[in-house]
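For reference, the chains in residue letters:
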Amino acid sequence: MKLGFGLYRHMLNDKHYRFAKQCGATHIVVHLVDYFNNKNNNKENANQPIGNTSGWGFAGDGKLWSLEFLLDLKKEINSYGLELEAIENFDPAIWHDILLDGPKKEEQIELVKEQIRIVGKAGIPVFGYNFSLAGVASRTIGKYARGNAESVGMEGSVDETPIPNGMVWNMVYDNNAPEGFIPKITHDELWNRLQYFLEQIIPVAEEAGVKMAAHPDDPPVPYVRNTPRLVYQPDMYQKLIDVKPSPNNRLEFCLGSIAEMTDGEVHDVTEQYSKQDKIGYVHFRNVIGKVLNYKEVFIDEGDIDMIRILKILKKNKFEGVLIPDHTPQMSCDGAWYAGMAYAMGYMKAALASLN
Ligand SMILES: [Mn+2]
């Protein structure tokens, strides 16, 4: 097992690569979509983008991340003694109509295939994605963690505001979309869309040597903003794997989201999927409670026995990367940094004691 950090787009620079290295991380997961270009998402203080009805911000220009760009990024990361392990999330600009079954679906599936080929050529082994119409929504912010540290959670209610046309996965891809809201669909329809997506892209991912890794719904509830969710109970992950069996069809295994699910038990679920070698990489974070009432907390104060999780992963020979995902904000000038360094120190010591 390897330890890494997930860095948002605005963090892909010298300061953050050095921070990662200094904490003892060896791998980096990069977010290339800029979620923070809307003033509602405060880049300076937020440890993660918070879902809200006006969206995280604007999708990109629809251009692919080029081979040159990715090779430069990789070279830069390597120059700090770090490895580029994964890209997390597609830009909605290149796959909104795959999610929405819109008129550009065929055109966009070709774009996504080409993006995966480029990522393979750049030698980046994993691509994380979240097949979701609403994305993150319904979460609240509060002093939920130990010592009144600010973090996110859910306080009993689901955001039911419909999603306006021109928006998907919390980002606006078309400013001039006609008035109105995206139509309500069933869970079966959403699964049909996923099946089409996997049938098209998994063979390409196999050829390109890229492992696709699916994040579960955050938060994991059946409907958010009038749209169905795909993976909101642990068994739905099995369904996703079985829709298109392949060593390249994997999971972005988010311990927090899984622990928040009302069915199953997170340690058993970790055993189930690591035993099948279906985990692409792990979001290693802890929570207290389940939907509709849970809080994200420090790594050692939640419901999940993180050491037991590591033992299960080790037993099943998981060789991928663990990243802290989010952490509560600590009371100091570098709230994100302190939270991340604390989580990484804990992970590093826990792994060392296991080995
Ligand atoms: Mn996660």
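Everything below is about the structure printed above this text.
Residues numbered from 1 in each chain as written. Predicted model: local features only at pLDDT ≥ 70, side-chain atom pairs only at ≥ 80, totals over all residues.

Caption draft 1: Helix α9 (residues 306-315), seen in detail. Those residues of α9 lying buried are I309, L310, I312 and L313. Taken around the axis of α9, the buried residues stretch over an arc of 160°, which confines them to a single face. On its buried face, α9 sits against α7 (255-260), α8 (266-275) and α10 (335-354). Where α9 terminates, the next one or two residues include K317, which has phi positive at roughly 60°. (Buried ≥ 20, exposed ≤ 12 C-beta atoms within 10 Å, placed from the backbone. Helix = DSSP H or I, 4+ residues; strand = E, 2+ residues; numbered from the N terminus. Arc of directions from axis to C-beta. Contact = placed C-beta atoms within 7 Å.)

Caption draft 2: How the structure looks around the pairing of strand β14 (residues 279-283). With 5 of its 5 residues buried, β14 lies for the most part within the structure. In this sheet, β14 lies alongside strand β13 (residues 249-254) in parallel orientation, the contact comprising 4 bridges. Paired with L251 across the strands is I279, a residue of β14. The sheet contact formed by β14 and strand β17 (residues 321-323) spans 2 bridges and is parallel. Bridge pairing in β17 places V282 opposite L322. (Pairing = 2+ DSSP bridges.)

Caption draft 3: Representation of the packing of α9 against α10 within the structure. Where α9 contacts α10, the axes come no closer than 10 Å and their chain directions differ by 50°. For the element pair α9 / α10, the angle class is oblique. Regarding α9 and α10, the two cross each other, and that crossing is right-handed. Residues M306, I307, L310, K311 and K314 of α9 form the contact with α10, whose own contacting residues are A350, L351 and L354. Split by residue class, the contact of α9 with α10 holds 6 nonpolar, no polar and 2 charged. (Axes fitted to C-alpha atoms, helices over the stretch in contact; angles between N-to-C directions. Parallel < 35°, antiparallel > 145°, perpendicular 65-115°, else oblique. Left-handed = near helix turned anticlockwise from the far one by under 90°. Nonpolar A, V, L, I, M, F, W, Y, C, P; charged D, E, K, R; others polar.)

Caption draft 4: Layout of the packing of α8 against α9. Closest axis-to-axis distance for the α8/α9 pair is 9 Å, and the angle between their directions is 15°. When the axes of α8 and α9 are compared, the pair comes out roughly parallel. Considering how the two elements wind past one another, α8 and α9 form a crossing that is right-handed. Contact residues: α8 offers H267, T270, E271 and S274, while α9 offers R308, I309, I312 and L313.

Caption draft 5: Representation of the nonpolar core. One finds V119 and L255 to be the most contacted residues of the largest nonpolar core, which totals 111 residues. No other element matches helix α5 (residues 187-208), which puts 8 residues into this core. Discounting chain neighbours no more than four positions away, the residues touching V119 are L70, I87, I124, F127, A208 and V210. (Core = buried A, V, L, I, M, F, W, Y, C linked by C-beta atoms within 7 Å.)

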